[in-house]
Amino acid sequence: MEYKEFMKKELLAAFGCTEPIALAYAAAKAKEELGEEPEKIIANLSGNMIKNANSVKVPGTEGRKGIEISLVAGALLGDADRKLEVLENIDKSRLEECDKLIEEGICELNLVPGIANLYIDVILKKGENSARVVIEDDHTNITTIERNGEVIFKKSVEKTEDTKMDFTFDKIYDYALNVDYSDIKDILDLEIKYNYEIAVEGLENDWGSNIGSLILNSAGDNEREQLAAYASAGSDARMSGCEMPVIINSGSGNQGITVAVPIIVYAKNHGIEGDRLYRALIFANLLGLYMKEGIGKLSAYCGVVSAGSASVCGIAMLKGEPKEVIADTLSNALAVNSGIICDGAKPSCAMKIASSIRNGFLAYDQAKTKNSFNSGDGIVKKNIDETIKTVGNIAKYGMKTTDEIILNEMIEKEYEKN
C-alpha cells in the first residue's frame, strides 16, 4: 500500500475516544443485523479494549463513562453507518433508559485471555433471535457478522507481513517533501480544523483535570510550553466526553491531537500556511504511523510518546532543519520517554502528552547542539530505523506482562472470569 493510501485509511474523523466508540459501533452494527433492540448484550473483549474503554467518558452520553454505556448507547441509539462517529447526535432523552437497562444487567462483559490486543466480540439477543459482530485489529475492521448462528459475513484477518508498510525514516522524509498531496489535502484541512478546535475548547472550558489550562497559565512567553498546553487541552476535552470530532492517528484521537496540534499552533504563531504546513503534517503523521506499526494499535506503551516525538520532528521540518538533526531528535526522544505506560484512556493522558512534547523539544536541543545519544547508549541503535524497531520490540513483546498487570490493577481482576 502506498503511503497516501495508508494515510487515507488511518487519518479518519472520530467522535470520542476510539475504544468506547468501537464498542458502540460493534453494538450498533449488531442491532442493525438483529433488526430490533436487544434484551441482552454480551461483549467478549481483549484486555486492552477493557483497559482503554473502562475509565473514559463517552461523548453524547452527558458525562457517562465506561464499557456498558458504550455498548448500550450503541445498540439503542447509535447509527452504524457513521462508524467512528456512531454516537454523534444521538437521542439523549433515552440515556436514563440506558442507565436503567445497565442497572438491570443487560450487559455481560467477559475478558478473552490470550487474544489480539484489539478484539471485540459483541452478541445481541432478543427472544430466540441473536446477532453477532466481531471487530479485530482495527477499530472498524469487522471480520464476522452472524445472525442466529449463521455466518453472513466473514473476512480473513490479514497477516501482518502481508500488510506491513515499507517504512523508513528517509523514505518518509523524502516523500513528505515531494509528494503531490492534492488528493489528501481535504484530510489535512480537517486535521487542521478539528484538532485545533478541540484544543481551543479544552483551554476555554472546564474539561477533565484541565492540564492544558494549568500549563498555559504558567507558560508566559515560553512557546514550547504553549504548544504542550494546546495539545494537552485537546486531550482534556476528548477524554472527558467533548462532543467534537478529531482526525485520529494510529487509531487514537489523543495521538492524532498530539501529532498535529503543536505543528498547527507553531505554524499559526509564525504565519506559516499552505505547502509548508501540509508537508510537515504529512511527515509527522507518517512518522507516528511508522512507530506504531511495530507496536500495534493497543499496548502497554503510551502512544503519545511516539506522537509527541513525531510532532516535534514536524516542527523541526517547518524550521528547515537538516534531515540528520530531525532523525537525531527522534532517536533522542525515544531513548527517554519510551517507558511511559498506557493505563487506558482517561484525564491523565493529557499530562503524558505534555511530558512527551517537552521531552521532544529537549531531544531537539540535543540534536541541534550535537549532544545526541550515541549508538549503544541504552536502546539507541546505529540509525533511527533500528531504534524504532527496538522500541517496537520492547513495547510489543517486552511489555506484554506489564500490560496484563496494568489491566488487573485497574479493574481489580473484575473480569478474570475465564
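Preceding block: the structure.
Quick caveat, the model's predicted, so the values are computed rather than measured.

## Some remarks on the overall build of the protein
Here's step 1: When its secondary structure is counted, the protein shows 17 helices and eight strands.
Here's step 2: For 418 residues, the compact-globule estimate of 2.2 N^0.38 gives 22 Å, and the protein sits close to it at 21 Å.
Here's step 3: Projected onto its principal axes, the C-alpha positions of the protein cover 70 × 45 × 45 Å.
Here's step 4: Within the protein, the fraction of its 418 residues that count as buried is 59%.
Here's step 5: In the protein, the proportion of contacts linking residues at least 24 apart, taken out of those at least 6 apart, comes to 77%.
Here's step 6: As presented, the protein carries roughly 16800 Å² of accessible surface, and 45% of it is formed by carbon and sulfur atoms.

## Some details on the nonpolar core
Here's step 1: In terms of nonpolar packing, the biggest core is built from 142 residues, with Leu-71, Ile-120, Ile-282 and Phe-283 touching the most fellow members.
Here's step 2: At 12 residues, the largest contribution of residues to this core is made by helix α12 (residues 275-293).
Here's step 3: Once residues lying within four places of it in the same chain are set aside, the contact partners of Ile-282 are Met-7, Tyr-175, Ala-176, Val-179, Tyr-181, Ile-184 and Leu-188.
Here's step 4: Judged by nonpolar contacts, the second largest core, of five residues, contains Cys-17, Val-56, Met-239 and Cys-349.

## Comments concerning the pattern of salt bridges
Side chains carrying opposite charge are able to pair once their charged atoms draw close together.
Here's step 1: By the definition in use, this model includes 27 salt bridges.
Here's step 2: Close ionic contact of Glu-85 with Arg-82 constitutes a salt bridge, the shortest N to O distance being 3.6 Å.
Here's step 3: According to the relative accessible area criterion, Glu-85 is buried, its value standing at 17%.
Here's step 4: In this structure Arg-82 comes out as partly exposed when scored by relative accessible area, which is 31%.

## Some thoughts on the environment of Lys-396
Here's step 1: Along the chain, Lys-396 turns up in helix α16 (residues 384-398).
Here's step 2: A sequence separation of 203 residues divides Lys-396 from Lys-193, and the C-alpha atoms of the two residues are 33 Å apart.
Here's step 3: Beyond its immediate stretch of four places on either side in the chain, Lys-396 contacts Gly-294 and Ile-295.

## Side note on unusual backbone geometry
Here's step 1: Of note, the phi angle at Asn-89 is positive, near 60°, even though the residue is not glycine.
Here's step 2: You can see Asn-89 is positioned in the loop between α4 (67-77) and α5 (95-103).
Here's step 3: For Asn-89, a relative accessible area of 69% corresponds to the exposed category.

## Notes on the side chain of Glu-10
Here's step 1: Inspection of the secondary structure assignment puts Glu-10 in helix α1 (residues 3-10).
Here's step 2: The exposure class of Glu-10 is buried, given its relative accessible area of 4%.

## Overview of the environment of Phe-15
Here's step 1: The residue Phe-15 is located in strand β1 (residues 13-15) in this model.
Here's step 2: Of the residues examined, Phe-15 reaches a relative accessible area of 1% and is grouped as buried.
Here's step 3: For Phe-15 and Arg-82, which are 67 residues apart along the polypeptide, the C-alpha to C-alpha distance reads 9.7 Å.
Here's step 4: Setting aside chain neighbours within four positions, we find Phe-15 in contact with Ile-21, Pro-59, Gly-60, Leu-84, Glu-85, Leu-87, Glu-88, Arg-238, Glu-243, Met-244 and Pro-245.

## Brief notes about the sheet that holds strand β3 (residues 107-111)
Here's step 1: The mixed open sheet is built from six strands, whose spatial order is β3-β2-β4-β5-β6-β7. Among the strands making up the open sheet, the edge pair consists of β3 and β7 (150-154). Taking the axes of each pair of neighbouring strands and ignoring which way they run, one obtains an average angle of 15° across the sheet.
Here's step 2: The pairing of strand β2 (residues 40-45) with strand β4 (residues 119-126) spans six bridges and is antiparallel. Looking at the pairing, Ile-42 lines up with Ile-123 of β4.

## A word on α4
Here's step 1: Of all 11 residues that make up α4, 10 are buried, and the element is covered over most of its length.
Here's step 2: By the burial criterion, the buried members of α4 are Ile-67, Ile-69, Ser-70, Leu-71, Val-72, Ala-73, Gly-74, Ala-75, Leu-76 and Leu-77.

## Some thoughts on the packing of aromatic side chains
Here's step 1: Across all of its chains, the model carries nine aromatic pairs by this definition.
Here's step 2: Ring plane angle 15° and centroid distance 6.5 Å describe the contact between Phe-169 and Tyr-173, whose orientation is recorded as stacked. Here the residue Phe-169 and the residue Tyr-173 both occupy positions in helix α7 (residues 169-178), the gap between them amounting to four residues, near one helical turn.
Here's step 3: Judged by relative accessible area, which is 1%, Phe-169 ranks as buried.
Here's step 4: Take Tyr-173: its relative accessible area is 14%, and that puts it in the buried class.
Here's step 5: Against the face of Tyr-196 rests Lys-268, its NZ or CZ located 4.5 Å from the ring centre.

## Some words on the packing of α7 against α12
Here's step 1: Packing of α7 against α12 leaves a shortest axis separation of 8 Å and a crossing angle of 155°. On the basis of the axis angle, α7 is roughly antiparallel to α12. Considering the relative orientation of α7 and α12, their crossing is right-handed. Facing α7, whose interface residues are Phe-169, Ile-172, Tyr-173, Tyr-175, Ala-176, Leu-177 and Asn-178, α12 presents Arg-279, Ile-282, Phe-283, Leu-286, Leu-287 and Tyr-290.
Here's step 2: Residue composition of the contact of α7 with α12, by class: 11 nonpolar, one polar and one charged.

## Observations regarding the side chain of Ser-240
Here's step 1: Summarising the element assignment, Ser-240 is placed in the loop between α10 (223-239) and β8 (245-247).
Here's step 2: From its side chain, Ser-240 meets the backbone nitrogen of Gly-208 in a polar contact 3.0 Å long.
Here's step 3: Here Ser-240 is in contact with Lys-57, Trp-207 and Gly-208, once residues within four sequence places are set aside.

Reading the values: rules and limits
- Residues numbered from 1 in each chain as written.
- Predicted model: local features only at pLDDT ≥ 70, side-chain atom pairs only at ≥ 80, totals over all residues.
- Heavy atoms only, no water.
- Helix = DSSP H or I, 4+ residues; strand = E, 2+ residues; numbered from the N terminus.
- Rg over C-alpha atoms; globule rule 2.2 N^0.38 Å.
- Buried < 20%, exposed > 50% of the residue type's maximum accessible area, 1.4 Å probe, protein only.
- Contact = heavy atoms within 4.5 Å.
- Areas by Shrake-Rupley, 256 points an atom, 1.4 Å probe, with all protein chains shown as cover.
- Core = buried A, V, L, I, M, F, W, Y, C linked by side-chain atoms within 4.5 Å.
- Salt bridge = Lys/Arg side-chain N within 4 Å of Asp/Glu carboxyl O.
- Pairing = 2+ DSSP bridges.
- Axes fitted to C-alpha atoms, helices over the stretch in contact; angles between N-to-C directions.
- Phe/Tyr/Trp six-rings, centres within 6.5 Å; stacked < 30°, edge-to-face > 60°.
- Lys NZ or Arg CZ within 6 Å of the ring centre and 35° of its normal.
- Parallel < 35°, antiparallel > 145°, perpendicular 65-115°, else oblique.
- Left-handed = near helix turned anticlockwise from the far one by under 90°.
- Nonpolar A, V, L, I, M, F, W, Y, C, P; charged D, E, K, R; others polar.
- Polar contact = N/O pair within 3.5 Å; in protein donor to acceptor, adjacent residues only side chain to side chain.

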